[in-house]
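Structural features, examined
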Amino acid sequence: MDPFLLEALLNGVLLGGVFALPVLGLNLVFGVVDVVWLCYAELVMVGMYAVWFLHVQMGWPLALAFVTCLPILAALGLLLHLLVVRPLLAAPPINQVLATGGVLFVLQGAATLVFSTDFRSLGVEMPPMELGEVFVSGTKLAAFVAALLGAAALWAFLKFTYVGTAIRAIARDREVMPLMGVDPKRIYLIASAVGGGLAGLAACLLVVQLDVHPFVGLSFGPITFMICVMGGLGNMLGGFLAAFLMGLIVSTGGFWWNTEMSYVVAFLFFILVIFLRPQGLFAR
Amino acid sequence: MSGLLPLAAAVAALAAVPLLSPPDYVMHLLITALLTALAGTGWAMMGRFGLVSFGHGAFLGVSAYTMALLWNFFGLSPWIGVPIGVVAAAGAGALLGYPCFRLRVVGHYFALVTLAAGEIVRILVTALREYTGGSLGMTPNQAPPDAAFAAMQFSKAGFWWVALAAWAVGLLAWRLLDRSMSSKALVAIAEDEDAASSIGIQVTREKLKVTLISAALAGLAGALTAQYRMYLNPESLAGLGISLQIVFGAIAGGMYSPIGPTIGALITIGLEESLRIGFGTEFTGAAAFSYGILLVLFMLFLPRGIAGLLERRQRPAARARSAAAGAVPAAQPPG
């Protein structure tokens, strides 16, 4: 096979791993709380700034900055739920989405005011690795492995813990679960914190590959939403698979054509999927 | 047609504004406000029936770039180019709307499909940089002074009248829609699509109709904005950013009242200018920050916008009645 195509395919899989984490986080929040966080990519942006600030400005070791980033973002997820989402739980879905859209502007604006619009780079690069005929960026490979570990940890949490079981149950039927003694308010809080934490993990993986600037969220936010919808909103496994599908489309599109057009192809593919299978590609 | 009288009177009064010879800066703000109001009015035509679009930037962009490319490459005057751009925007609306409505893409899914469409237009404009100038933007060619009018390049006063006429067209369209059976049908559809279709409402057709009107008005706003500024770039005419700004204006002003988006445009422009003066170079961040805070506050405390507030002030009796009936004041049509 053409080594360049092979490289594109490999990069697609790696890219899919990067998309997967925010997709899982969004799906978790949507599945449980039934609200789309339109500002999810901006939460990731805040996390990227947190890592950059702690590592570059404060001189913390990178690992410590990563570990600190997760609780910060989990707290931010909680705050978002308490201040914005909870008061709107009974409002029409559109009002909820627009309010989180407002938070998108708040976070972008705050980042611009605090850090200016300069591009900030972490300046970490791992040596490329040779796999057979192709070279792979070591950073991307490490991020991919970390993303898979994060996804596996989330799966184990949902599958094997009591709280995780309650979260899955609420996602399936939010009327009956309160009758079974599960307090939905508490579950919403936990899901929001975990959703925020996943944004934090995604931030750690992205900050080593992308420069941070206040509008960086716009570069991967829209495609994240589309992947979620393609996999079926709230469907974790569907979203996970769709992330890799979209990663492959983007990277092979870049191989055949160019990066910009590959995103156009990916978005058109998304619209087509919605028309053909509105409930998501992997809906049962 | 008694309701038309206030509109005609308002337009006549506003048409006299340039005669007061206000400073250029004020004129500029007023023209920008009118065109922003037009885009918001277009958005709210759909938004108030629960058809929330996050991609209206796409219609601004399609129309503006159609017009500007026709002028720069074929020398076609914007007097013809703007209508063609509006038709192109409506066509884009049909292209997007028909399959969506036919295949019952609603709610979150519809919002996200429109978001994708807005991004597609933004990326296409950027990618076709040989013609559109990409993200650096493009400038319509300057016409020679004697042909300026034919090329729709005139003074601030002239543009004020054009923008005023376009704005009035938007309000007129709103009124005509409200007086037609379509608005009743759309309210029913927003309430319950299946029930509406079971009583013989043609859901797809009604939704498509309002989408075409909405896209056309947004397209008109986009083309005129580009022509007025004599500058186009993908960020300000397509994509998620501008689409959300349109939504913000319409929501803040109030999307259930015809005058709401206009109030919203005045708020947006006023806010933007005072922040520009207050914050100087840090203006962009401060503007986004305040938009965001306001949008959240509006959603939390005033989902019907400023116009909704006025509505309630005006009709305390109606409020008392609804309160007596146990209804929530300012109840939202579900959407």
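Treat the numbers as computed from the prediction; the structure is a model and nothing was measured.

1. So, the overall build of chain B
Within chain B one finds 16 helices and zero strands. Taking 20 Å as the expected radius of gyration for a compact globule of 335 residues, we find that chain B reaches 20 Å, a close match to that expectation. Taken along the three principal axes of its C-alpha coordinates, chain B extends 65 × 45 × 45 Å. Counting only residues that meet the buried cut, chain B has 53% of its 335 residues in that class. Restricting to contacts in chain B with at least 6 residues of sequence separation, those with at least 24 account for 77%. Side chains of chain B give 20 positive and 15 negative charges; the mean places of these two sets differ by 10 Å.

2. Describing the nonpolar core
The biggest cluster of nonpolar side chains holds 201 residues, and the ones touching the most others in it are Val32, Trp37, Val44, Met246 and Phe270 of chain A together with Trp43 and Phe54 of chain B. Apart from residues no more than four positions distant in its own chain, Trp43 of chain B is found in contact with Val52, Ser53, His56, Ser214, Ile246, Val247, Ala250, Ile251 and Met255 of chain B.

3. Quick word on the layout of surface pockets
Residue and element names in this part refer to chain A. By volume, the second largest pocket is sized at about 830 Å³. If you go around the second largest pocket, you meet 24 residues; those closest to its centre are Arg168, Gly234, Asn235, Met236 and Leu237. For the lining of the second largest pocket, the secondary structure elements donating two or more residues are α1 (3-33), α5 (138-160), α6 (162-172) and α10 (236-256). The leading source of residues in the lining of the second largest pocket is α5, at six residues. Of the residues that constitute the lining of the second largest pocket, the class distribution is 15 nonpolar, five polar and four charged.

4. Observations concerning the interface of chain B and chain A
Contact with chain B, which involves 42 residues of that partner, is made by 42 residues of chain A. When chain B packs against chain A, close to 3,900 Å² is buried across both sides, 84% of that on carbon and sulfur atoms. Contact with chain A buries surface across chain B, with His108, Tyr109 and Leu112 of chain B losing the most and accounting together for 17% of the total. Summed over the shared surface of chain B and chain A, the number is one salt bridge. With its nearest N and O atoms 2.7 Å apart, the salt bridge here joins Arg129 of chain B to Glu260 of chain A. Elements supplying a minimum of two residues to the side of chain B that touches chain A: α4 (78-102), α5 (107-127), α12 (240-253) and α14 (283-301) of chain B.

5. Description of the packing of helix α13 (residues 260-279) of chain B against α14 of chain B
Residues and elements named next belong to chain B. It is the contact of α13 with α14, at a shortest axis distance of 9 Å, that shows an interaxial angle of 140 degrees. Comparing their axes, α14 and α13 come out oblique. In the packing of α13 onto α14, the handedness of the crossing is right-handed. Seen from α13, the contacting residues are Thr268, Leu271, Glu272, Leu275, Arg276 and Phe279; seen from α14, they are Phe283, Ala286, Ala287, Ser290, Tyr291 and Leu294.

6. Some remarks on the packing of aromatic side chains
How two aromatic rings sit relative to each other is given by the distance of their centres and the angle of their planes. Considering all chains together, one arrives at 18 aromatic pairs over all chains under this definition. Geometrically, the ring pair formed by Trp52 of chain A and Phe115 of chain A is edge-to-face, given 5.9 Å between the ring centres and 85 degrees between the ring planes. On the criterion of sequence distance, the pair formed by Trp52 of chain A in helix α2 (residues 40-57) and Phe115 of chain A in helix α4 (residues 93-115) is long-range, its members being 63 residues apart. Neither residue differs from the other here; Trp52 of chain A and Phe115 of chain A are each classed as buried. When the ring centre of Trp174 of chain B is taken as origin, the NZ or CZ atom of Arg48 of chain B, which lies over that ring, is 3.8 Å away.

7. Points about the UniProt feature "transmembrane region" (unreviewed entry) in chain B
All names here are of chain B. UniProt's feature table lists "transmembrane region" (unreviewed entry) at residues 25-44, 51-74, 80-101, 108-128, 158-177, 242-271 and 283-302, given in the numbering used throughout. Secondary structure content for residues 80-101 is 100% helix and 0% strand, and the end C-alpha separation is 31 Å. As annotated, residues 158-177 has a helix share of 100% and a strand share of 0%, and its two end C-alpha atoms lie 29 Å apart.

8. Structural notes on a nonpolar patch on the surface
Residue and element names in this part refer to chain B. The grouping of Phe73, Phe74, Leu128 and Tyr131 at the surface amounts to a nonpolar patch, some 490 Å² of accessible area in total. Looking at the element boundaries, Tyr131 is found in helix α6 (residues 129-132). Residue Tyr131 is classed as partly exposed on the basis of its relative accessible area, which comes to 49%.

9. Some details on α5 of chain A
All names here are of chain A. Compared with the 33 Å implied by 1.5 Å per residue over 23 residues, the 32 Å span of α5 between its first and last C-alpha is a close match. Taken as a whole, α5 has its buried residues at Gly138, Thr139, Ala143, Phe144, Ala147, Gly150, Ala151, Leu154 and Leu158. Sitting at the amino-terminal end of α5 is Ser137, which places a side-chain oxygen 3.3 Å from the backbone nitrogen of Thr139.

10. Structural notes on the packing of helix α3 (residues 56-74) of chain B against α4 of chain B
Residue and element names in this part refer to chain B. Remark: α3 packs on α4, axes separated minimally by 8 Å, with the N-to-C direction vectors making an angle of 145 degrees. Here α3 and α4 pass one another in a crossing that is right-handed. Contact residues: Phe59, Val62, Ser63, Thr66, Met67, Leu70 and Trp71 in α3; Pro78, Gly81, Val82, Ile84, Gly85, Val86, Ala88, Ala89, Ala92, Gly93 and Leu96 in α4. For the contact of α3 with α4, the per-class residue count stands at 13 nonpolar, five polar and no charged.

About the criteria used
- Residues numbered from 1 in each chain as written.
- Chains lettered and ligands numbered in written order.
- Predicted model: local features only at pLDDT ≥ 70, side-chain atom pairs only at ≥ 80, totals over all residues.
- Heavy atoms only, no water.
- Helix = DSSP H or I, 4+ residues; strand = E, 2+ residues; numbered from the N terminus.
- Rg over C-alpha atoms; globule rule 2.2 N^0.38 Å.
- Buried < 20%, exposed > 50% of the residue type's maximum accessible area, 1.4 Å probe, protein only.
- Contact = heavy atoms within 4.5 Å.
- Lys, Arg positive; Asp, Glu negative; His and termini not counted.
- Charge placed at Lys NZ, Arg CZ, Asp CG, Glu CD.
- Core = buried A, V, L, I, M, F, W, Y, C linked by side-chain atoms within 4.5 Å.
- 1 Å grid on protein atoms, 1.4 Å probe; cavity = no way out; pocket = protein on both sides within 12 Å on 5 of 7 lines; lining within 4 Å.
- Points joined across faces, edges and corners; volume = space filled by probe spheres on them.
- Nonpolar A, V, L, I, M, F, W, Y, C, P; charged D, E, K, R; others polar.
- Buried area = accessible area lost by both parts, 1.4 Å probe.
- Salt bridge = Lys/Arg side-chain N within 4 Å of Asp/Glu carboxyl O.
- Axes fitted to C-alpha atoms, helices over the stretch in contact; angles between N-to-C directions.
- Parallel < 35°, antiparallel > 145°, perpendicular 65-115°, else oblique.
- Left-handed = near helix turned anticlockwise from the far one by under 90°.
- Phe/Tyr/Trp six-rings, centres within 6.5 Å; stacked < 30°, edge-to-face > 60°.
- Lys NZ or Arg CZ within 6 Å of the ring centre and 35° of its normal.
- UniProt positions renumbered as here; feature names shortened; annotations may be inferred.
- Patch = residues over 30% accessible without salt bridge, like charges linked within 9 Å, V, L, I, M, F, W, Y side chains within 5 Å.
- Areas by Shrake-Rupley, 256 points an atom, 1.4 Å probe, with all protein chains shown as cover.
- Expected span 1.5 Å × (residues − 1).
- Polar contact = N/O pair within 3.5 Å; in protein donor to acceptor, adjacent residues only side chain to side chain.

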